[in-house]
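Structural overview
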Amino acid sequence: MEVPASPHADRFHWTLLKRLVTVTFAEFAALLIVVLVHGFVGGQSLVFPAEVLTWALAALAAASIIEGVVWGWVAYPQHRRAVAFVAAVTLITLLAHAYIIDTPAASTSGSASGQGGTTFSSDQAVADTSVTNGTLKVTLTANGNAIAQASVSANGAPLSGGWDGSPPSFVSPLQPGTSITGTWNFVPTGPSERVTVSYQYLTCYDTKTRSYGCIMDEIFYVPEGMGMLAGQHCSTGPGAPSNCHLEHPPLVTALIASGMAMFGTYSAVGWRVMPALLGAFSIPLLFGIVWKVSESKKAAYLSATLLALDVMFFSQSSAAVLDVPEVFFGLAAFFVYFAGLRVWKFDRTVLAGVFLGVAALAKETALFIALAFVTYVLFFGEGRRWTRVYSVFKVALVVALVFAAGLQVYDSALATPQYPTFVGHVGYILSYGSSLIADKLACQPTTGYWCKFPGDAGGAPILPTDWLTYYSPVEYLGICATINGVCQSGYLAVAYYGVTNLLETWTVYVWVPLVAFGLYTFRKGSKAPSGGESAGEEPAGGGPEVTVEPPPPSRTLTGDVKFAGLALILFLWSYVPYLFLFLAGRVTYPFYIIPGIPAMAMGTAFWLSRDWFPRWLLYLYMVMVFVFFLVYFPDKAFLPVWLRILIGH
């Protein structure tokens, strides 16, 4: 085991890091409990505590990350390049999310102006005005998007008066085609004096369902988060609130609600901040997993970079949806297991079970991640066979307990009386999932296939067999670029796409056979293919909160064997089940492959990190992967127009 260069400084930073991480996770649990209890008690009494806890969680998480970087930098100078690399990639990803997190915004401003006593308009509203005896009467009609707020001024100075009745608001916006009237005190000083009606119109709002959300399934989970923050109780069946989605566990909705508590209920930043953070921090988790398992810095560098450059993973990290938080907690389970972390009397298998249970509370399909974990432990874990079986039993028990307890807290707070216990809620989740039968009638007459997820208008559906070959990228959201009010057909101003980085995806046809052959030769007693440079042992630390367990007796498995096995097992569990669901006629959407994206990044890195792989080809491949990512980056306003037109997105 390596000895830190500065033992005293290392001890200080390690102790501080342990305490920060412990308090951060305690704060995270406290925040979720407060949000749910707030719904149970009703009213606004716990809104302020939720806001305080959310900001405290953000501060503690930032401090933990910074302290982790400082500790690694001080304690292990020989690994400073690796620390700097993963910090840089994570920071760049965070900056990319910050660049687009409010694009599109939940609302934006507009105005219409003209002379008092006339009718004037903009692309979103029409103002019909009249002036009588010092009184200005304004009838405002929404003719574009819904309007949330509106005010009247003259030559930039606000007028005294107001709207009759309840003015438009984010809670009750003025719908397209409807009007509101108000009066203001107004004495014209001359023909040049202009009246301006300023307003906020909603850009992420469905006027048919009266629900918020813009990117993909935000239209479901943003309103659910709003309801949770407001204390809405959920149920199913006739008369149930339309923005309740009990078919999925509630954790991500609670995270979205906590973001709203931080940045505001009607702020797109609040909707998306938690998924964006968890998506970005999945990168260092994958880096640590690959480094610990493979003992190869090169493989870790490549895996982290490839995950950061996956289009679908990045796009869904930028939206208030479920899948990326599920992956984050799943990766956290693998990380604590491979790092040998221990909290109090809870060993690494128990901690891994906790994180897998939390992942299941994010989305029930984390079951496949959990099955991948126990499969890896059984075949590639340390210790004797019965030791590994016992570890699997512990993991399964902890996952079940955490999932049941978390779901019960939610059901007791916000799903009673329909689901007084988690058992009924689990039954509804299973029955809902089994009811999602693909619609054969919609696509079979033209394609001969079951309709799973529509591609382009009039095109063939996207099947699980297409996920690893090719399909036209699904446009989650496309906003037309306009010049002088005219929509440009050459490119979109903002476009979120659902497509994996196909240059990474297609490598499964290379690395899966390569890995399978390597594992076969190892089982036959041959030496496994060599990889990149060795990272050496990771540092160990002491302290009451978090410790690092000494590794169990080795089963003489090389880093390459364990790395190859992990990539293959996680990929198979993330993809193969959907082939069977497809054959059973169930709905299978392309984004269901998201838990397999880290596996594809690892498998690609395994292939690229072979000693025989040409370095010049490696650099060329990574450039091509980056270009593919750039082409489908959601907002490319930083590029010149001619290049955006050439790209076509």
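What follows concerns the pattern of salt bridges. Enumeration according to the criterion identifies five salt bridges in this entry. D347 is the partner of K394 in a salt bridge, and the nearest nitrogen-oxygen pair spans 2.4 Å. Highlighted residues: K394 in helix α12 (residues 385–414) and D347 in the loop between β12 (341–343) and α10 (348–362), separated in sequence by 47 residues. The two residues K394 and D347 agree in class, both being buried.

Between two packed helices, what matters for the description is the angle formed by their axes and the separation of those axes. Close contact between helix α5 (residues 251–263) and helix α6 (residues 268–294) brings their axes to 7 Å; oriented N to C, the two are set at 125°. By the criterion of interaxial angle, the relationship of α5 to α6 is oblique. In this structure, α5 crosses over α6, and the sense of that crossing is right-handed. Between α5 and α6, the residues in contact are L255, I256, S258, G259, M260 and F263 and V269, G270, W271, V273, M274 and L278, respectively.

One pass over the full model with this rule turns up 44 aromatic pairs. Taking the centre distance of 5.6 Å and the plane angle of 70° together, the rings of W511 and F571 count as edge-to-face. Placement of the pair is W511 in helix α16 (residues 508–523) and F571 in helix α17 (residues 559–583), with a sequence separation of 60 residues. For the pair W511 and F571, one class covers both residues: buried. Against the face of Y337 rests R348, its NZ or CZ located 4.3 Å from the ring centre. For R610, the ring lying beneath its charged end belongs to F606, and the centroid distance is 3.9 Å.

As a further point, take the side chain of D411. Tracing the chain through its elements places D411 in helix α12. Here D411 is buried and forms no salt bridge, its nearest opposite-charge partner K363 lying at an N-O distance of 18 Å. With residues up to four places along the chain from it excluded, the contact list for D411 reads T416, Y419, T421, F422 and H425.

Moving on, we come to the sheet that holds strand β9 (residues 194–202). Read from one edge of the open sheet, four strands run β1-β9-β5-β6, paired in antiparallel fashion. Where the open sheet ends on each side, the last strands, each with one partner, are β1 (107–115) and β6 (157–158). Pairing between β1 and β9: nine bridges, direction antiparallel. Following the sheet pairing, A112 is matched in β9 by V197.

Alternating positions in strand β4 (residues 135–142) separate cleanly, L136, V138, L140 and A142 being buried on one face and T135, K137, T139 and T141 remaining unburied on the opposite face. The antiparallel hairpin formed by strand β3 (residues 125–132) and β4 contains two residues in its connecting segment, where N133 sits at a positive phi of about 50°. Pairing analysis gives seven bridges linking β4 to strand β8 (residues 179–185), with the strands arranged antiparallel. Bridged to K137 within β8 is T183.

Thresholds applied
Residues take numbers from 1 onward in each chain, read along the sequence in its written order. In keeping with the model being predicted, local features are shown solely for residues with a pLDDT of at least 70 and side-chain atom pairs are shown and tallied solely at 80 or more, while totals for entire chains, interfaces and linings include all residues. Hydrogens are left out, water is left out, and the side-chain values use all remaining heavy atoms of the structure. A pair is scored as a salt bridge if a Lys or Arg side-chain nitrogen falls within 4 Å of a carboxyl oxygen belonging to Asp or Glu. Helix numbers and strand numbers start at the N terminus; a helix is a DSSP run of H or I with at least 4 residues, a strand a run of E with at least 2. Relative accessibility thresholds used throughout: buried, under 20% of the residue-type maximum; exposed, over 50%; partly exposed, between the two (1.4 Å probe, protein chains only). Helix axes are fitted to C-alpha atoms over the stretch in contact, other axes to C-alpha atoms as well, and angles between N-to-C directions run from 0 to 180 degrees. Here the word oblique covers every angle except those under 35 degrees (roughly parallel), over 145 (roughly antiparallel) and from 65 to 115 (roughly perpendicular). Crossing chirality is assigned from the near helix's rotation relative to the far helix, an anticlockwise turn below a right angle marking it left-handed and a clockwise turn marking it right-handed. Contacts are assigned to residue pairs with any non-hydrogen atoms lying within 4.5 Å of each other. Stacked, edge-to-face and tilted are the three classes for Phe, Tyr and Trp ring pairs, Trp counted by its six-membered ring, which pair at centre distances within 6.5 Å; planes under 30 degrees apart are stacked, over 60 edge-to-face, the rest tilted. A positively charged side chain is recorded as over a ring if its NZ (Lys) or CZ (Arg) lies within 6 Å of the ring centre. The angle to the ring normal must also be within 35 degrees. Two residue types count as positive, namely Lys and Arg, and two as negative, namely Asp and Glu; His and chain ends fall outside the count. Any two strands are treated as partners once DSSP identifies two or more bridges connecting them.

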